[in-house]
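Commentary on secondary and tertiary structure
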Amino acid sequence: MPVTVTELGHIWSKVLSNVKEKIPDNKIFDAFLGDSFLYSYNNDEMIVGVNSNLASKILSDQYSDLIEGSAREIVNRKVKISFKVVEKLKDIKVEQPKTEFFKNSIVNTSLTFDNFIVGKCNIEAQQAAIYIASNPGKNFNPLFIYSNSGLGKTHLLHAIVNHIHNNSDKRALYLTSDDFTSEFIKFVTGESSSDKLKEYICSFDVVLIDDIQFIGGKSQTEYFLFTIFNAMLMHGKQVVITSDKHPSELKNFDERIKSRFGQGLTISISSPDVETCVKILKSKINAGPLNVDSIKPEVLEFIAEKFSKNIRNIDEALNKIVWYTTMYKPVKYIDMDIAMEALQSLIDVKNTKSQLNQQKILSVVADYYNLTPSQLTSSSRTGNIIVPRHISMYLMRYMLDIPFKQIGLVFGGKDHSTVMHAVTKVEKELKTDVTLQTAVNEIKKLLK
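**Topic: the sheet that holds strand 3 (residues 80–85)**
If you walk across this open sheet you meet the 3 strands as 1-2-3, and the pairing is mixed. The open sheet has two edge strands with one neighbour each: strand 1 (37–42) and strand 3. The sheet shows a mean angle of 20 degrees between the axes of neighbouring strands, taken without regard to direction. One ladder, built from 5 bridges, connects strand 1 with strand 2 (residues 45–50); its direction is antiparallel. By the bridge assignment for strand 2, Ser 40 is matched with Ile 47. The strands touched by helix 3 (residues 53–75) are strand 1, strand 2 and strand 3; relative to strand 3, the strand with the most contacts, the crossing angle is about 145 degrees.

**Focus on the sheet that holds strand 7 (residues 238–243)**
The strands making up a sheet are joined through hydrogen bonds of the backbone, oriented either antiparallel or parallel. Strand order in the open sheet made by the 5 strands is 5-6-7-4-8, with parallel pairing throughout. Of all strands in the sheet, those bounded by a partner on one side alone are strand 5 (172–176) and strand 8 (265–268). Taken pair by pair, the neighbouring strands of this sheet meet at an average axis angle of 15 degrees, ignoring direction. The pairing of strand 6 (residues 206–210) with strand 7 spans 4 bridges and is classified as parallel.

**Quick notes on unusual backbone geometry**
Of note, the amide linkage connecting Asn 141 to Pro 142 takes the cis form, showing an omega dihedral of 5 degrees. Assignment of secondary structure puts Pro 142 in the loop between helix 4 (123–134) and strand 4 (143–146). Although it is not a glycine, Asn 252 sits at a positive phi angle of roughly 65 degrees. Mapping Asn 252 onto the fold places it in the loop between strand 7 and helix 9 (255–261). You can call Asn 252 exposed: its relative accessible area is 59%.

**Looking at the environment of Lys 138**
Here Lys 138 lies in the loop between helix 4 and strand 4. Distance from Lys 138 to Phe 302, taken between C-alpha atoms, is 43 Å for residues 164 residues apart in sequence.

**Overview of the packing of aromatic side chains**
On inspection of all chains with the given rule, the structure shows 9 aromatic pairs. Note on Phe 144 and Phe 261: the rings are 5.8 Å apart at their centroids and 40 degrees apart in plane angle, and the pair reads as tilted. One end of the pair, Phe 144, is in strand 4; the other, Phe 261, is in helix 9, with 117 residues separating them in the sequence. Among the aromatic side chains, those forming a connected cluster through ring pairs are Phe 144, Phe 229, Phe 253 and Phe 261. Taking the ring centre of Tyr 333 as reference, the NZ or CZ of Lys 296 above it sits at 5.3 Å.

Cut-off values and rules
- One numbering rule holds for all chains: residues counted from 1, following each sequence as written.
- A pLDDT threshold of at least 70 governs which residues receive local features in this predicted model, and a stricter bar of 80 or more applies before side-chain atom pairs are shown or counted, although totals over entire chains, interfaces and linings include all residues.
- With hydrogens and water excluded, all non-hydrogen atoms of the structure serve as input to the side-chain values.
- Being paired, for any two strands, means DSSP has found at least two bridges between them.
- Strands are runs of DSSP state E lasting at least 2 residues, helices are runs of H or I lasting at least 4, and numbering of each runs from the N terminus.
- For helices, the fitted line uses only the C-alpha atoms of the stretch in contact; every axis is such a line through C-alpha atoms, and the angle between N-to-C directions lies from 0 to 180 degrees.
- Residue contacts follow a heavy-atom distance rule, with two residues in contact if any of their heavy atoms lie within 4.5 Å.
- Only protein chains enter the accessibility calculation, which uses a 1.4 Å probe. A residue is then buried if its area is under 20% of the maximum for its type, exposed if over 50%, and partly exposed in between.
- Stacked, tilted and edge-to-face are the three classes assigned to paired rings of Phe, Tyr and Trp, where Trp is represented by its six-membered ring and a pair needs centres within 6.5 Å; plane angles under 30 degrees give stacked, over 60 edge-to-face, the rest tilted.
- Two conditions define a charge sitting above a ring: the NZ of Lys or the CZ of Arg must be within 6 Å of the ring centre, and it must be within 35 degrees of the ring normal.

As structure tokens, then:
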């Protein structure tokens, strides 16, 4: 089977590196092989372009055995090499690699292991992906990674492909479930042959399918996937799959294939903690127009707390701040006030219900203590206001599960450490203070 131009370059680079170690005279190597290239590789025959007739003759007569031996080490099979002058290559007809399958499948070369931020939430998945990329087909086959959307599964798949292409001669194919389904539909409608499609997919050493859950319920597509899956595993080739659910929880899949999905290594990715989110934010900031030192640490912590359930939400929040401070209100330092201005519409849209609940808690607590909501959110520190204020903060934290920073904004922009102290104090006193226990329980009943 012919290979692509990218693969030709990759193979020949490896061959040249091997040959250079075996030719003691660097001048000979540079003169005759320095600007050579692999023009084609098909049916165990390689055609190499060189810069002159003399180079073609010298390499053919004196170095062909050495170069063919080096090529055999790289591609793991015996090959015959012909050396042709560049000007004569246009007269050679070469079978072009078939590209009719998966024309829209693209690997993002910027998604690598180096820029994948690791935390407790994803370290096992990252380690498994690195192992598979370095040792495809040897163990843990298939590798099945599952998590909610936006937590890094796709990044890991692209990183695996990029690592394989940059560090080995193996071939990897990345597909989304849509790619796979669309190509199968072409077979059903008579546009292509299923045998050719299966042969093409199984010609790769590693096949990675993203979001497999979307194939569930498509019985013919699922069966075709099952045959490819079995063929890959039977020939010791690696399969990597991602999903939003554990294999056993996939809906509308045949039990046989669910069982096969789970026979290798199954790993989950959980939502990142605040510390990991801050690392992700800093990485994204360093890759963009802002300087991480121009953003106050509390802003990063706020975004991390507020948007940690989905990395795409972090991207959305950060892009909002970049746009606001670049196009609308340029500032030297981005503090909480600026961040809240930039994110206000985003928070309003996503948390209308939460904001209404905050106001409800204020109103109910204020009524319970014969106060007004404005008194609770004021800066007054009189004795009859402090306890109700602390109770309000405590209830917002544990009934609405919102960040300390956001609660602080409700109370006139109080620092998150002040809110945290108030919540911790109520927590502690609830263990022994019967009066406080009664008040909190009654307020909870009123809120319900």
